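What follows is the residue order along each chain.
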Amino acid sequence: MAQKTFEAAMARLEQLTEELESGDISLDKSLKKFDEGVKLAEFCNAQLTEARARVEMLLEKDGRLQSVPFEGLDRGDTDLSE
């Protein structure tokens, strides 16, 4: 299986959402698509968590630049893993 990217996973999630919302598929296929969507959402959440951990903001303090960890959750982001 090719390596997944965040963008590809999000595009597939959008496609799955449209397919599930259409209501034109059987219950069995709907459940399989839903399961795939859950796995993709978990992958995307992990990617976002990793990116959040790597992002740093530069702040000037006492005339010097200092790196400070980005506090994304304090800005209203939601942890989708709950």
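Every chain is numbered on its own, with residues counted from 1 as its sequence reads. Local features in this predicted model are restricted to residues of pLDDT 70 or higher, and side-chain atom pairs are both shown and tallied only at a pLDDT of 80 or more, whereas totals for entire chains, interfaces and linings draw on every residue. Side-chain calculation: all heavy atoms of the structure are included, whereas hydrogens and water are not.

A.B. asks: Help me out: how do you make sense of the overall build of the protein chain in this one?
C.D. replies: Only runs of H or I of at least four residues qualify as helices and only runs of E of at least two qualify as strands under DSSP, and these elements are numbered from the N terminus. Within the protein chain, the secondary structure is distributed over two helices and two strands. Seen in sequence order, the protein chain has helices and strands lined up from the N terminus as α-α-β-β. Throughout, exposure labels follow a simple rule: accessible area from a 1.4 Å probe, protein chains only, divided by the maximum for the residue type, with under 20% read as buried, over 50% as exposed, and the rest as partly exposed. For the protein chain, with 82 residues in total, the buried portion stands at 13%. Areas reported here follow the Shrake-Rupley algorithm with a probe of radius 1.4 Å; residue values treat only the protein chains shown as occluding. As displayed, the protein chain has an accessible area near 6,800 Å², and 53% of this comes from carbon and sulfur atoms.

A.B. asks: What's the story with helix H2 (residues 27–54) in this structure? I'm lost.
C.D. replies: Helical periodicity: at 3.6 residues per turn, an α-helix aligns residues three or four positions apart in one direction. Taking 1.5 Å of rise per residue, 28 residues should cover 40 Å, and H2 covers 41 Å from first to last C-alpha, within 8% of that figure. Taken together, the buried positions of H2 are occupied by Ser 30, Lys 33, Gly 37, Leu 40, Phe 43, Cys 44 and Asn 45. Buried residues in H2 make contact with helix H1 (6–22). Expected helix span is given by 1.5 Å per residue-to-residue step, counting one fewer step than there are residues. The contact criterion used throughout is that any non-hydrogen atoms of two residues lie within 4.5 Å.

A.B. asks: Before we go on, may I ask you to explain a nonpolar patch on the surface in this structure?
C.D. replies: Exposure above 30% relative accessible area and the lack of any salt bridge qualify a residue for a patch; like charges then connect within 9 Å, and the nonpolar side chains Val, Leu, Ile, Met, Phe, Trp and Tyr within 5 Å. Salt bridge, as applied in this entry: a Lys or Arg side-chain nitrogen positioned within 4 Å of an Asp or Glu carboxyl oxygen. Taken together, the side chains of Leu 20, Phe 34 and Val 38 define a hydrophobic patch exposed on the protein surface, amounting to about 240 Å² of accessible area. With respect to the helices and strands, Phe 34 occurs in helix H2. We classify Phe 34 as exposed; its relative accessible area is 52%.

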